[in-house]
Amino acid sequence: MTQDPFTDSNSSKKPQSKISPLTSFLRVTEIDTRLAGMAGALLLIWLGFHYYGLFVNGMGAFLTPRNLWNLSVQTSSIGIMATGMVLVIVTRNIDLSVGALVGVTAMMMGILQVEVLPQYLGLGHPAIWVITVIVGLIAGAIIGALHGWLIAYCRIPAFIVTLGGLLIWRGMAFISAGGKTISPVDQTFALLGGGPYGAIGAWGSWVVGLIACAGVLWMMQSGRAQRVKHDFPLRPMWAEVLLAAIGCGTIIGSVLLVNAYPLPKGIIKAMAAANNTIVPPEGIFISHGFAIPVLILISVGVLMTILLTRTRFGRYVFAIGGNPEAASLAGINTRWMTLKIFSLMGMLAGLAGAVASARLNSATNALGLLDELYVIAAAVIGGTSLAGGVGTIYGAILGALVMQSLQTGMVLIGFDTAIQQIVVGIVLVLAVYLDNLYRSKSK
Amino acid sequence: MKRTTNTPLVEMRDISISFGGIKAVDHVTVNLFAGEVVGLLGHNGAGKSTLIKCLSGAYRPDHGQVFIDGQKVTINNPRDARAQNIETIYQTLALADNLNAAANLFLGRELINSAGLLDEAQMEAETRKIMARLNPNFRKFNVPVSALSGGQRQSVAIARAVYFNAKILIMDEPTAALGPQETQMVAELIEELKKQGLGIFLIEHDIHNVMKLCDRASVMKNGQLVGTVDVDKVTDDEILGMIIMGKQSNQGV
Ligand SMILES: Nc1ncnc2c1ncn2[C@@H]1O[C@H](COP(=O)(O)OP(=O)(O)OP(=O)(O)O)[C@@H](O)[C@H]1O
Ligand SMILES: [Mg+2]
């Protein structure tokens, strides 16, 4: 017999006649239907591009380790910012300045590591990248805090403050280097952007994957222990095993995927030369493994999820989004919260600036142009409600992946920029419409 | 009504507050003793909710002082009020609709575990315990309160005010959305809390409930205090007269 998780175990014994097997399956396993829906949509997009390429262009280039690995790297900087945008939008605000913040923080970091620090520390000093990243994060946090202060304490609408910020910080990025491009960046810093050297290899990826699997199992186990302790209804054992299998399966699958993408021959030759060995004529297979920016995105995602769902701070974010007046009557300092949220958003934009400029191996004043739109779209496609009060970190990251998949896919099958824009626009509007439908149904 | 001391638990002295020229509360003085229920009565817009919001920290009065146990206190925000063991059930309930009952009950005072993270399970367990006392039919612990009925939402708001061992309880029309059985349970709850020595400000329009539950009643009209009477010494009609005519009767002062 199935058990409705919303009622006490001993209460309603009424026959659950009208419930379809799928619905009751989803209830028993407590699978998040939105998550399942997004994963399904993503899969459809991937298959669609792959088979379109296969049938129309005679080559399916989408579902290859190489393309999916690149896709993961390209998603990183938008994904990092989308996690912060969730907090901003959940509290009924918006941040239009994140793209400009990427530009200005990247420019600051570029000047610092290329023109300033080498003078004092010497070129290639191992501390350069650390100092640079910390300065970038702090600069982003300060600019974000300034925005938050104007919004919360001077009561200027977030839309206006960050629209002004978009223009101001983009202008600052240009002025700070007189419109020049700063490159190349510090060698260690460049690893933050991925590339053949900025990946952790096969063994590293297995270690990360196994730790992640252990984390999934530990979380499920401790969740079950909590329910037992308080006598709450439990999921049946088969559902637990199924969920664990799906979770660990996804993780191991992605390890196999990134390990199936070999380093290019040229890089292997250069590596061999550096180690004074020779490459055998048949070549060597060295895996990329997870790219460093992807690991940064995943860590940010995990930390932000803990922050949003398991801490007081996160609880207050949702409370402010649900009912700002109730939040302040409950003693929550809503203005201080707003300032902190924008500061966090700024810091994440600084991190995204580091990743993006590392990937390009240079800082240009156009870096991050239009990113604000993709970041907001990612959060919204991921189920963050513009009315406030609702949103998830994993949704926003999946949303970023959807946006980037569309972008990459259309480039692969040869759509030009105009068509790409049209498609992305349609998808955004459609996604929000479907989300509204989902919400009104699930009520 | 038993008054063990002569110092009131709460005294709001000469409170005034206006919104853009409208005097919502105009030089009002009310007090409340431990173990006592004081009704605040008056027509719609008389200023009752505004007055108690000056005690709960939602508003800062333009003029006047608040004394607790004879000590002058400054209540600048809801946190200050909570620190004085003042709990409030607002007329609007002040619930975050997107959060569940437990999250609302503990809002601003979440239980955390040794790692500093929210202890959701413990909060839910506590919520189940208190709701079993207040509204035994309540089952919807894992849905946002937007999915609850008006009365269920009200019982969540009541649970929040009662859970934290208040010394002073402010109830702004606590039974407005409740059915007869639930209203009866709230009435019993008020009696019980009174026995425990709490002081309760009760805003209530139903004159029968006022006569049944309150020891004294303060009547307001157009922001001003009409007068305060001992409920034992007046009739329903005399109180209604004060509310409608805005004039103090001669008896029961
Ligand atoms: N935040 C506010 N801004 C402007 N005016 C307000 C505000 N709060 C209350 N008022 C005004 O103050 C007066 C008193 O309102 P209040 O809510 O205290 O009445 P009440 O006695 O609680 O009425 P009810 O029985 O309808 O709840 C009303 O005229 C109202 O319009
Ligand atoms: Mg009122």
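Residues numbered from 1 in each chain as written. Chains lettered and ligands numbered in written order. Predicted model: local features only at pLDDT ≥ 70, side-chain atom pairs only at ≥ 80, totals over all residues. Heavy atoms only, no water.

**Q** I tried to follow the domain arrangement of chain B on my own but got confused; where do I start?
**A** Size of an interface: often given as the accessible area lost when the parts come together. Residues and elements named next belong to chain B. Segmenting chain B into domains produces domain 1 (1-85 + 167-253) and domain 2 (100-165). Taken over C-alpha atoms, the centre of domain 1 sits 26 Å from the centre of domain 2. Opposite the 16 residues of domain 1 that make contact, domain 2 presents 15 residues. Together domain 1 and domain 2 conceal approximately 1,100 Å² of surface at their shared face, both sides included; 54% is due to carbon and sulfur atoms. Per-residue buried area on domain 1 facing domain 2 is highest for Arg-82, Met-185 and Leu-189; these three make up 41% of the total on that side. The interface formed by domain 1 and domain 2 contains one salt bridge. Between Glu-192 and Arg-133 there is a salt bridge, and its shortest N-O distance comes to 3.5 Å. (Domains from an automatic or database assignment. Contact = heavy atoms within 4.5 Å. Buried area = accessible area lost by both parts, 1.4 Å probe. Salt bridge = Lys/Arg side-chain N within 4 Å of Asp/Glu carboxyl O.)

**Q** Looking at this structure, I do not really get the site of ligand 1. What am I missing?
**A** All names here are of chain B. Around ligand 1, the surrounding shell holds 14 residues, and the nearest of these are Gly-45, Lys-48, Ser-49, Thr-50 and Gln-91. Within the backbone of Gly-47, a nitrogen or oxygen atom sits 2.9 Å from an oxygen atom of ligand 1. Across the complex, the protein chains shield 64% of the 630 Å² of accessible surface that ligand 1 would expose by itself. Broken down by element, the residue count for the shell around ligand 1 peaks at three residues, all from helix H1 (residues 48-56). Per-class residue counts for the shell around ligand 1 are four nonpolar, eight polar and two charged. (Near = heavy atom within 4 Å. Polar contact = N/O pair within 3.5 Å; in protein donor to acceptor, adjacent residues only side chain to side chain. Areas by Shrake-Rupley, 256 points an atom, 1.4 Å probe, with all protein chains shown as cover. Helix = DSSP H or I, 4+ residues; strand = E, 2+ residues; numbered from the N terminus. Nonpolar A, V, L, I, M, F, W, Y, C, P; charged D, E, K, R; others polar.)

**Q** Hey, could you run me through the coordination of the magnesium ion (ligand 2) in this one?
**A** Angles at a metal have ideal values that depend on geometry: 109.5 degrees with four tetrahedral donors, 90 or 180 degrees with six octahedral donors. Residues and elements named next belong to chain B. In the first shell of the magnesium ion (ligand 2), the protein supplies Ser-49 (OG) and Gln-91 (OE1), at 1.9 to 2.1 Å from the metal. Of the two residues, Ser-49 sits in helix H1 while Gln-91 sits in the loop between strand E6 (86-89) and helix H3 (101-105), which places them 42 residues apart along the sequence. Residue classification places Ser-49 among the buried residues on the basis of a relative accessible area of 19%. For Gln-91, a relative accessible area of 43% gives the class partly exposed. (Donors = N, O, S within 2.8 Å, 3.2 Å for Na, K, Ca; no water. Buried < 20%, exposed > 50% of the residue type's maximum accessible area, 1.4 Å probe, protein only.)

**Q** Explain the interface of chain B and chain A to me, please; I cannot follow it from the model alone.
**A** Taken together, the contact between chain B and chain A spans 31 residues of the former and 28 residues of the latter. Of the roughly 2,600 Å² buried where chain B meets chain A, counting both sides, 56% is carbon and sulfur surface. On the chain B side of the contact with chain A, Asn-98, Leu-118 and Arg-139 of chain B bury the most area, a combined 21% of that side's loss. Joining chain B to chain A, the criterion identifies two salt bridges.

**Q** Just to check I follow, could you spell out the sheet that holds strand E3 (residues 37-42) of chain B for this structure?
**A** Strands belonging to one sheet form pairs held by backbone hydrogen bonds; the direction of such a pair is parallel or antiparallel. Residues and elements named next belong to chain B. Strands sit in the order E6-E7-E8-E3-E9-E10 across an open sheet of six strands; the sheet is mixed. Of all strands in the sheet, those with a lone pairing partner are E6 and strand E10 (224-230), marking the two edges. The mean angle between the axes of side-by-side strands here comes to 15°, regardless of whether they run parallel or antiparallel. The pairing of E6 with strand E7 (residues 168-172) spans four bridges and is classified as parallel. Paired with Ile-86 across the strands is Ile-168, a residue of E7. (Pairing = 2+ DSSP bridges. Axes fitted to C-alpha atoms, helices over the stretch in contact; angles between N-to-C directions.)

**Q** What should I look at first to understand helix H4 (residues 120-134) of chain B in this one?
**A** Residue pairs three or four apart in sequence face the same way in an α-helix, which turns once every 3.6 residues. The first and last C-alpha atoms of H4 of chain B sit 21 Å apart over 15 residues, in line with the 21 Å expected at 1.5 Å per residue. Here H4 of chain B has its buried residues at Ala-121, Met-123, Glu-124, Ala-125, Glu-126, Thr-127, Arg-128, Ile-130, Met-131 and Leu-134 of chain B. (Expected span 1.5 Å × (residues − 1).)

**Q** Quick question: what am I supposed to make of the sheet that holds strand E4 (residues 63-68) of chain B here?
**A** Residue and element names in this part refer to chain B. The antiparallel open sheet is built from four strands, whose spatial order is E2-E1-E4-E5. Each edge of the open sheet is held by one strand with a lone partner, namely strand E2 (22-32) and strand E5 (71-73). Taking each pair of neighbouring strands and ignoring which way they run, the sheet shows an average axis angle of 30°. Pairing geometry for strand E1 (residues 10-19) and E2, over seven bridges, is antiparallel. Bridging across to E2, Ile-17 finds its partner in Val-25. In the packing of H1 onto the sheet, the strands contacted are E1, E2 and E4, and the crossing angle to E1 comes to about 115°.

**Q** Even after reading the chapter, I still don't get the environment of Lys-129 of chain B, so can you show me in this structure?
**A** Within the secondary structure, Lys-129 of chain B is located in helix H4. Expressed as a C-alpha distance, the spacing of Lys-129 of chain B and Asp-172 of chain B, which sit 43 residues apart in the sequence, is 24 Å.

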